[in-house]
Number of protein chains: 2
Amino acid sequence: MDHPDPQAKPYHHGDLRRAILDAAERMLAEEGLEAVTIRACARAAGVSPAAPIHHFGSLRDLLAVLAARGFGQLVARLDADLSQSGHQGDRALVGAYVAFALSAPRMFDLMWREDVLNPAQAELVAARSLALGRLQFHSQTAIGEGDARLRAIRSWSLAHGLATLLLHGRIVTALGGPGTGLETKEDFAALAYDLMFVRG
Amino acid sequence: MDHPDPQAKPYHHGDLRRAILDAAERMLAEEGLEAVTIRACARAAGVSPAAPIHHFGSLRDLLAVLAARGFGQLVARLDADLSQSGHQGDRALVGAYVAFALSAPRMFDLMWREDVLNPAQAELVAARSLALGRLQFHSQTAIGEGDARLRAIRSWSLAHGLATLLLHGRIVTALGGPGTGLETKEDFAALAYDLMFVRG
DNA sequence: TCCGCTAACTAAACAATGTATAGATTACGC
DNA sequence: GCGTAATCTATACATTGTTTAGTTAGCGGA
């Protein structure tokens, strides 16, 4: 029998590493971080629990590689939004950052969950430093007064804080809600943009 | 034998609920959130694993009650710092908020970890809404231009984002470090204050 | 003072998890 | 073709949260 049975799955998967990551990404988006376990990934790919361990070393490293994907997606989103935007530098940056967080909330959360992933994993370190460098670059293309470093910290903090609080539902609970003009994702991205104009 | 043996621990603890919470708070601060398990709390209090369940219902509820303590501590800190501060309203608020996060990093993290605690737990709901109401109050005592609601969202977002990024060590990695004037907790609290003066 | 009720707690068990170990299978370079 | 290394399975272990059934003791009322 040298003609392979199309029903029988091969002993070697062929691209198991990617398949596991794809399954993990889908489970993260649809079922949440807690659903992403070694055994669930193995089940989704139809392999034994030890197979993902072989490719990633541990769950912490698997999640780190997954978060690296997230930082890549963030960079793609920032570059896309900022290239075709009439807005300027740091102000548009805040809107794009918040828009990404709202469009991929669980991935955004994972990217900062250093308790559950291995923050020193090589792919993650590379993807994260690239993304943060890009953030710093965009925040400094704007013309403005004062220390450029302070402006960068302010932009990033404002964007990160607003995104985080929005994902927790706290801003809607405390200040928004039906009839307040803060309902859709677009409202919040616009809010982020507006915040950059509020004077201290 | 009606005189109790001082060596023998009684079957009934007397104040087990508080003892469990105290143990959990200590373990959280010293060993991290992952060390706070039902079984570890039970071991620390010298009881069986089912005893904490009886008092709290589940680990998610135990952590929620613990987070409620955290919100109480935040309120105490805000009130203390803002009463004896020459600074005004929302600007001092940001500094005090960041100072709290840096002084109790793991508690601050837990307070927003709605995946691991029960966000609808009664004590937590009460303590959180009280704390957030106080935040809103302080942010609006300042005189300033523009929409008061926007100013409140901006203050809170800036404080929360800066605190979160500082705890992740990202700002130090990206922008601070030795020789940059950003090293101690006080430097960062001052940074938070300064950020409120940066113009958009 | 004793009785009964109820809260507080124990003991034991279950399913699920991460991961280590040893072995089986297959691809691939020489 | 053959040996080696990569890939994957089977099995096992310790740990976790939680459930169930049963034990102990504090406490109010007769």
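Summarised in this report is the structure supplied together with it. Sequence positions are assigned chain by chain, starting from 1 and proceeding in written order. Chains carry letters and ligands carry numbers; both start at the beginning, A for chains and 1 for ligands, and go up in the order they are written. Per-residue local features of the predicted model are confined to residues with pLDDT of at least 70, and side-chain atom pairs are confined, for both listing and counting, to 80 or more; whole-chain, interface and lining totals are unaffected and use all residues. Values shown for side chains rest on all heavy atoms present in the structure; no hydrogens or waters enter the calculation.

### Side note on the relation of the copies chain A and chain B
Each of the two chain copies goes to the other by way of a rotation about an axis and a shift along it. Threshold: In superposing the copies, a least-squares fit is computed on C-alpha atoms, taking residues whose pLDDT is at least 70 in both. Contacts between residues were defined by any pair of non-hydrogen atoms, one from each residue, lying within 4.5 Å.
Taken as rigid bodies, chain A and chain B are interconverted by a rotation of 180° and an axial shift of 0.0 Å, the fit giving an RMSD of 0.0 Å. In short, the pair behaves as if placed about a two-fold rotation axis. For chain A, the smallest separation between a C-alpha atom and the rotation axis is recorded for Gly161 of chain A, amounting to 1.7 Å. Residue by residue, 100% of the interface of chain A is reproduced at the interface of chain B, so both copies engage with the same surface.

### With respect to the interface of chain A and chain B
Inclusion rule: When two parts are put together, the accessible area they lose, computed with a 1.4 Å probe and summed over both, is reported as buried area. By definition, a salt bridge exists where a carboxyl oxygen of Asp or Glu is found within 4 Å of a side-chain nitrogen of Lys or Arg. We call two N or O atoms a polar contact when they sit within 3.5 Å, provided that within protein one can donate a hydrogen and the other can accept it, with sequence-adjacent residues counted only if both atoms are side-chain atoms.
Opposite the 36 residues of chain A that make contact, chain B presents 36 residues. Carbon and sulfur atoms make up 61% of the surface buried where chain A meets chain B, a total of about 4,000 Å² over both sides. Taken together, chain A and chain B are joined by four salt bridges. With a shortest N-O distance of 3.2 Å, Asp115 of chain A and Arg113 of chain B are connected by a salt bridge. Where chain A meets chain B, there are six residue pairs in polar contact (both at pLDDT 80 or more).

### Topic: the pattern of salt bridges
The test is simple: Per the convention used, a helix needs a DSSP run of H or I reaching at least four residues, while a strand needs a run of E reaching at least two, with both numbered from the N terminus.
All chains considered together, the criterion is met by 23 salt bridges over all chains. Residues Glu114 of chain A and Arg170 of chain B are paired through a salt bridge, measuring 3.0 Å at the closest nitrogen-oxygen approach. Highlighted residues: Glu114 of chain A in the loop between α6 (105–111) and α7 (122–139) and Arg170 of chain B in helix α9 (residues 170–174), drawn from two different chains. For Glu123 of chain B, the salt bridge goes to Arg17 of chain B, with nearest N and O atoms at 2.3 Å.

### Description of α7 of chain A
Since the α-helix advances by 3.6 residues per turn, residues separated by three or four positions end up pointing in the same direction. All names here are of chain A. Worth spelling out the cut-off: The length a helix should cover is 1.5 Å for every residue beyond the first. In this scheme, a residue with accessible area under 20% of its type's maximum is buried, one over 50% is exposed, and one in between is partly exposed, where area comes from a 1.4 Å probe on protein chains only. For this quantity, the arc is that covered by the directions from the helix axis to the C-beta atoms.
Taking 1.5 Å of rise per residue, 18 residues should cover 26 Å, and α7 covers 26 Å from first to last C-alpha, within 8% of that figure. The complete set of buried residues in α7 reads Leu124, Ala127, Arg128, Ala131, Leu132, Leu135, His138 and Ser139. Down the axis of α7, the sector holding all buried residues measures 125°, keeping them to one side. Seen from the open side of α7, the exposed residues pointing more than 90 degrees away from its buried face are Ala122 and Phe137. The N-cap residue of α7 is Gln121: its side-chain oxygen and the backbone nitrogen of Glu123 are 2.8 Å apart.

### Some thoughts on the packing of helix α5 (residues 89–103) of chain A against helix α8 (residues 148–167) of chain A
Residues and elements named next belong to chain A. For clarity, the cut-off: Between the N-to-C directions of two axes lies an angle of 0 to 180 degrees, each axis being a line fitted to C-alpha atoms and, for a helix, fitted only over the stretch in contact. Here roughly perpendicular refers to angles of 65 to 115 degrees, roughly parallel to angles under 35, roughly antiparallel to angles over 145, and oblique to all remaining angles. In this scheme the handedness of a crossing depends on how the near helix is turned from the far one: anticlockwise by less than a right angle means left-handed, clockwise means right-handed.
Interaxial distance between α5 and α8 falls to 9 Å at its minimum, and their mutual angle equals 25°. Taken together, the axes of α5 and α8 are roughly parallel relative to one another. Once α5 is placed against α8, the crossing between them reads as right-handed. Listed contacts from α8 to Asp90, Val94, Tyr97, Val98, Ala101 and Leu102 of α5 are Arg151, Ser155, Trp156, Ala159, His160, Leu162, Ala163, Leu166 and Leu167.

### Thoughts on the packing of aromatic side chains
Cut-off, in case you're wondering: Ring pairs are drawn from Phe, Tyr and Trp, using the six-membered ring of Trp, whenever the two centres fall within 6.5 Å, and their geometry is named by plane angle: stacked under 30 degrees, edge-to-face over 60, tilted for the rest.
Evaluation of the coordinates by the stated rule reveals eight aromatic pairs over all chains. Aromatic side chains Trp112 of chain A and Trp156 of chain A sit 6.4 Å apart centroid to centroid with 55° between the ring planes, which places their arrangement in the tilted category. You can see Trp112 of chain A sitting in the loop between α6 and α7 and its partner Trp156 of chain A sitting in helix α8, a full 44 residues away along the chain. Their ring planes at 75° and their centres at 5.7 Å tell us that Phe71 of chain B and Trp112 of chain B sit as a pair that is edge-to-face. Here Phe71 of chain B is found in helix α4 (residues 59–83), whereas its partner Trp112 of chain B is found in the loop between α6 (105–111) and α7 (122–139), with 41 residues between them in sequence.

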